[in-house]
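Descriptive structure summary
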Amino acid sequence: MSKRLVVSASAMLALVTLAPILCAQTDQPPGVAEQLKQRKWNNSPPVKAEYDARKKARPAPRRDLWGLWDGTAEGGIQANGPIEYPANPGGSASKAGERPADDPLLGEPGHFGQPDERGIPHHPPYTALGEEALRANKPGTGIRAVPPGELNDPVDICDPQGFPRMELYELRVVELAQTKNQVLFLNQFYDNWRVIWTDGRELPKDPEPRWNGYSVGKWVDDYTFAVDTVGMDERTWLDNVGRPHSSDLHVQEVFHRADYDTLELSVKIEDPKMYAQPWMALNKYVLHRLPDNFDVEEFFCSPSETAAYNKVIGKPVTAPPPK
Amino acid sequence: MKNKATIIFLMIVGLFTVSFPLFAHHGNAAYATGTKISVKGTVTEWFWANPHCFLKLDAKDENGEVQHWVVEASNPPDMTRQGWTKTSFKAGDEVVVSMMIPKNGAPGIGRFVSGPNSIVLNGQPFPPGVPNGAQPAPKP
């Protein structure tokens with residue numbers, strides 16, 4: 001009698017342990033499964049509805065970030081600024097279908113073409129220095145959008161996005177890979193990576209600036225990984241609408257593995273020179289797990305391809321109109 | 001649990017709602033987004049690269065003179081999501097494309113506008129299928 005009980009219990013235990021593994025390959029968004037049958041390379045993330053159609057949540061593994069994570073579906077492209085602080089103006093110019101240069105009230109309060117961000121519902125808490133640095137950056141989107149010929153966004157000439165912009169603009173597919181002493185963040189947009197050291201080292205004091213800064217991370221519990229980053233180069237913008245930062249910027253990320261297929265990313269910006277208080281640029285932003293065999297397209301910014309585009313289209317459409 | 005037909009429907013809805021997202025750095029700021037013209041011509045080149053893919057075509061004006069046109073789309077990953085590929089167009093293909101034109105009046109340049117039948121390729125609507133699935137789009 002007791003032997004049968006032990007056998008049954010073992011069988012149950014085996015099933016429960018194996019169930020996530022057995023389910024892993026079958027619980028993909030159905031369109032993604034079809035796509036992977038058709039082609040093994042250059043796959044395309046699905047729309048949000050496909051993720052929403054998944055079966056119920058599977059339990060999160062402990063201390064495990066590994067996977068291909070899709071940031072596109074929940075709005076990761078962030079053309080108008082980070083999810084928590086978009087720079088869309090209020091008033092008529094915020095209706096779908098209206099664009100900065102088409103706004104007949106360009107420059108009027110509440111419309112595009114503003115010198116500052118007073119016309120949006122909430123903006124980061126700039127210091128005087130932060131306001132000045134903001135005005136020096138000329139973006140093509142958001143309430144301070146300038147005409148195309150006046151842009152000065154460094155990524156337009158293929159300068160690195162840097163960190164944290166790689167999370168606050170064009171957050172598409174990211175691979176997180178854990179080694180013995182690092183977490184590697186492999187970013188699809190502009191095919192760039194950053195290293196998060198997990199060997200317990202201290203952040204550097206007074207570091208030489210780097211485009212992606214210097215990052216250290218640790219598990220605060222079995223499902224929460226916290227990262228600190230300093231030493232980011234001042235040439236980078238925080239986002240696509242020209243928010244500035246100084247070399248004193250300190251970014252704190254929290255990666256929370258909510259369940260097997262869901263990662264929540266929070267990003268806190270702390271830069272007392274530019275911002276009177278810290279502010280959250282992302283707050284539990286959801287990334288969805290993609291199948292382990294999901295190959296993504298390259299997305300390099302190639303100077304020669306950019307030059308070819310500018311010659312044929314970029315320069316002609318942004319030139320002043322003929323008299 | 002949604003059935004397969006509903007999933008495909010949602011993907012098609014997704015296709016048209018995400019068509020040509022204005023997610024370039026500049027959005028469509030250089031174009032007069034209220035305009036829409038149609039140009040018929042022969043493809044000379046299809047350029048599939050960042051920052052934006054573009055299609056070159058030769059059209060004939062009313063005098064039979066050749067006009068050179070170039071029409072831009074978005075970046076390759078955005079276009080892949082909508083079923084376009086590096087080999088979607090080849091020199092010699094006959095196309096009719098709908099586009100918006102630049103505000104500054106620069107000639108022979110446009111940007112694709114989205115929606116059904118905005119591109120006709122060798123007599124067929126383009127793109128032909130559902131971006132993230134294997135089956136062609138169901139007939140309307």
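All of these numbers come straight from a predicted model, not from anything done at the bench.

Our next topic: the overall build of chain B. Within chain B, the secondary structure is distributed over two helices and seven strands. The linear arrangement of helices and strands in chain B, starting from the amino end, is α-β-β-β-α-β-β-β-β. Counting across all 140 residues of chain B, residues that qualify as buried make up 40%. Expressed as a percentage of contacts within chain B between residues at least 6 apart in sequence, the contacts between residues at least 24 apart total 63%.

This brings us to helix α6 (residues 303-318) of chain A. With 16 residues, α6(A) ought to run about 22 Å at 1.5 Å a step, yet its terminal C-alpha atoms sit only 19 Å apart, falling short of that. Helix geometry: α6(A) is bent most strongly at N310(A), by close to 60 degrees. Listing the buried residues of α6(A) in full gives Y309(A), I313(A), G314(A), V317(A) and T318(A). The inward-facing, buried residues of α6(A) contact β2 (54-60), β3 (66-72) and β5 (109-112) of chain B.

Next up on the list: the environment of N28(B). Position of N28(B) relative to the elements: it lies in the loop between α1 (4-18) and β1 (37-47). C-alpha of N28(B) to C-alpha of E72(B): the two residues are 44 residues apart in sequence and 11 Å apart in space.

Bringing the sheet that holds strand β3 (residues 182-187) of chain A into the picture now. Residue and element names in this part refer to chain A. Taken in spatial order, the nine strands line up as β1-β2-β3-β4-β5-β6-β7-β8-β9 and close into a barrel, and their pairing is mixed. Direction aside, neighbouring strands of the sheet carry axes that sit 30 degrees apart on average. Here strand β2 (residues 173-178) pairs with β3 via five bridges, running antiparallel. By the bridge assignment, E175 is partnered in β3 with L186.

A separate point is the pairing of β3(B). All names here are of chain B. Bridge count for β2 against β3 is seven bridges, and the pairing is antiparallel. Opposite L55, over in β3, you have V71 as the bridge partner. The hairpin formed by β2 and β3 contains five residues between the paired strands, and G64 there has a positive phi angle of roughly 80 degrees. Relative to β5, β3 runs parallel, the two being bridged by three bridges. Among the inter-strand pairings, V70 is bridged to a residue of β5, identified as I109.

Glancing now at the environment of M274(A). All names here are of chain A. Position of M274 relative to the elements: it lies in the loop between β8 (262-270) and β9 (279-290). Residue class for M274 comes out buried when judged on the 26 C-beta atoms lying within 10 Å of it. Spatially, the C-alpha atoms of M274 and T127 are 5.3 Å apart, while their sequence positions differ by 147 residues. Not counting chain neighbours up to four residues away, the residues in contact with M274 comprise Y126, T127, L129, G130, A133, P244, H245 and S246.

With that out of the way, let us pick up the pairing of β1(B). Residue and element names in this part refer to chain B. Pairing of β1 with strand β4 (residues 94-100), which is carried by six bridges, proceeds in the antiparallel orientation. Bridging across to β4, K40 finds its partner in V96. Across five bridges, the pairing between β1 and β2 is antiparallel. What sits directly across from W46, in β2, is L55. Counting the residues in the hairpin turn of β1 and β2 gives six residues.

Rules behind the numbers
- Residues numbered from 1 in each chain as written.
- Chains lettered and ligands numbered in written order.
- Predicted model: local features only at pLDDT ≥ 70, side-chain atom pairs only at ≥ 80, totals over all residues.
- Helix = DSSP H or I, 4+ residues; strand = E, 2+ residues; numbered from the N terminus.
- Buried ≥ 20, exposed ≤ 12 C-beta atoms within 10 Å, placed from the backbone.
- Contact = placed C-beta atoms within 7 Å.
- Expected span 1.5 Å × (residues − 1).
- Bend = angle between axes of the 7 residues up to and from the residue.
- Pairing = 2+ DSSP bridges.
- Axes fitted to C-alpha atoms, helices over the stretch in contact; angles between N-to-C directions.

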